[in-house]
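Here's the letter readout for the chains.
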Amino acid sequence: MGIGTHEITGKRLEGLPELQQRIQRLFRTRKVALVIRRAYGSNLPELIDKKTVPGFRLDVYAETAETLANPANEIHDEFKLHQTLMNVDHESGEIELTLLGEYLVDGDVVKLEGITL
């Protein structure tokens, strides 16, 4: 179980809230953006910058699964993804993901909601 600091309030975070914050940060970080950790990150920012085409949802689902399974991102030993749900707000253009999966720390099936891209 990870322990961290809330990126806005500076308060201590642990457990699922800390994991969700790390996943949110991971999804917003472009691969090769970190000089020392080139393999860290996701290709989701590139997908979001493109037009929404018929295969867009499938591309987001596939990139989400690949990102979470990548050992360089250090999430694969804490969370095992079972399902990704996506909601697109066409007015604001905001994309929100809900991740369903197994929290490997205690074996519970969890739902991480409100992950915005």
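Going by the structure above, here's the rest.
An account of the accompanying structure is given in this report. This is a predicted model, so every value here is computed, not measured. (Residues numbered from 1 in each chain as written. Predicted model: local features only at pLDDT ≥ 70, side-chain atom pairs only at ≥ 80, totals over all residues. Heavy atoms only, no water.)

1. Comments concerning the side chain of T64
Working step 1: Counting through the fold element by element, T64 comes out in helix α3 (residues 56–69).
Working step 2: In contact with T64, not counting residues within four places along its chain, are F27, L44, L81, T84, L97 and L99. (Helix = DSSP H or I, 4+ residues; strand = E, 2+ residues; numbered from the N terminus. Contact = heavy atoms within 4.5 Å.)

2. Quick look at the sheet that holds strand β5 (residues 108–116)
Working step 1: The strand order across the open sheet formed by three strands is β3-β4-β5, and the pairing between neighbours is antiparallel. Among the strands making up the open sheet, the edge pair consists of β3 (79–88) and β5. For this sheet the average axis-to-axis angle between neighbouring strands, irrespective of direction, equals 20 degrees.
Working step 2: Pairing analysis gives seven bridges linking strand β4 (residues 95–103) to β5, with the strands arranged antiparallel. Counted as the bridge partner of Y103 is D108 from β5.
Working step 3: In this fold helix α1 (residues 16–28) packs onto β3, β4 and β5, with an angle of close to 45 degrees to the strand it touches most, β5.
Working step 4: Across the sheet, α3 touches β3 and β4, and the angle it forms with β3 is around 150 degrees. (Pairing = 2+ DSSP bridges. Axes fitted to C-alpha atoms, helices over the stretch in contact; angles between N-to-C directions.)

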